[in-house]
Amino acid sequence: MEQKNDTHVRQWFGYERHDTVAVVPLINGLCKGALGQLLNLFLPSLKLESKRREGSKTKRVYGPAQTPLQRVLEREEVGAQKKLQLRALQAQLNPFALRREVDRCLKQINQERELKG
């Protein structure tokens, strides 16, 4: 997860410190709700497959861009029932509505942080 701190945390919440008690439940709710669904079901990301040294530089090789949902659906360890549940969840969600919800929540978090800060 540490490799995703930039794309999954910093790009959404910024580099400011969110240490007021009032924003913690808002951030947790956003991450477990709309933002988590958006990132896991609709937004593809690259996964580092390997890296090697070439002289003084590091060569990184990434796999194809896929959503975490696509990676789960490709796994044989995941049961057919769970895959059906995940596909049904994705089918009932609207990525544009999720993004609007994320933006609304981020605005609320920033307003709350400014009030307490």
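So, a few notes on the structure that sits alongside this text. (Residues numbered from 1 in each chain as written. Predicted model: local features only at pLDDT ≥ 70, side-chain atom pairs only at ≥ 80, totals over all residues. Heavy atoms only, no water.)

## Re the overall build of the protein chain
Put simply, the test is: Secondary structure follows DSSP: runs of H or I at least 4 residues long count as helices, runs of E at least 2 residues long count as strands, and numbering of each begins at the N terminus. Every radius of gyration here is taken over C-alpha atoms, with the globule rule written as 2.2 Å times N^0.38, N being the number of residues. The rule is simple: take the accessible area with a 1.4 Å probe, protein chains only, and divide by the maximum for that residue type; under 20% is buried, over 50% is exposed, in between is partly exposed.
Within the protein chain one finds six helices and two strands. The N-to-C order of helical and strand elements in the protein chain reads α-α-α-β-β-α-α-α. The C-alpha atoms of the protein chain give a radius of gyration of 18 Å, which is well past the 13 Å a tight globule of 117 residues would have. For the protein chain, the spread of C-alpha atoms along the principal axes amounts to about 50 × 45 × 20 Å. Across the 117 residues that make up the protein chain, the buried fraction comes to 26%.

## Section: the side chain of Arg71
Put simply, the rule is: In this tally, Asp and Glu contribute negative charge and Lys and Arg positive charge; neither His nor the terminal groups of the chain are included. Here a salt bridge means any side-chain nitrogen of Lys or Arg lying within 4 Å of a carboxyl oxygen belonging to Asp or Glu. Two residues qualify as a contact provided that any one of their heavy atoms is within 4.5 Å of a heavy atom in the partner residue.
Here Arg71 lies in helix H4 (residues 68–74). Comment: no salt bridge for buried Arg71; closest opposite-charge side chain is Glu74, at 6.7 Å. Those residues in contact with Arg71, other than ones at most four positions away along the chain, are Ser45, Leu46, Lys47, Pro64 and Gln66.

## Quick look at helix H2 (residues 23–32)
Selection rule: Throughout, the arc means that of the directions going from the helix axis to the C-beta atoms.
Considered for burial, the residues of H2 that qualify are Val23, Ile27 and Leu30. Projected down its long axis, H2 shows its buried positions confined to an angular sector of 65°, all on one face. Looking at H2, the residues exposed on the side facing more than 90 degrees away from the buried face are Pro25 and Lys32.

## A short note on the pattern of salt bridges
Any two side chains of opposite charge can pair, on the condition that their charged atoms come close. If you walk through the whole model with that rule in mind, you get four salt bridges. Linking Glu101 and Arg104 is a salt bridge whose minimum nitrogen-to-oxygen distance equals 2.6 Å. Linking Glu101 with Arg104, this pair stays in helix H6 (residues 95–116), spanning three residues, or about one helical turn. What makes Glu101 partly exposed here is its relative accessible area of 31%.

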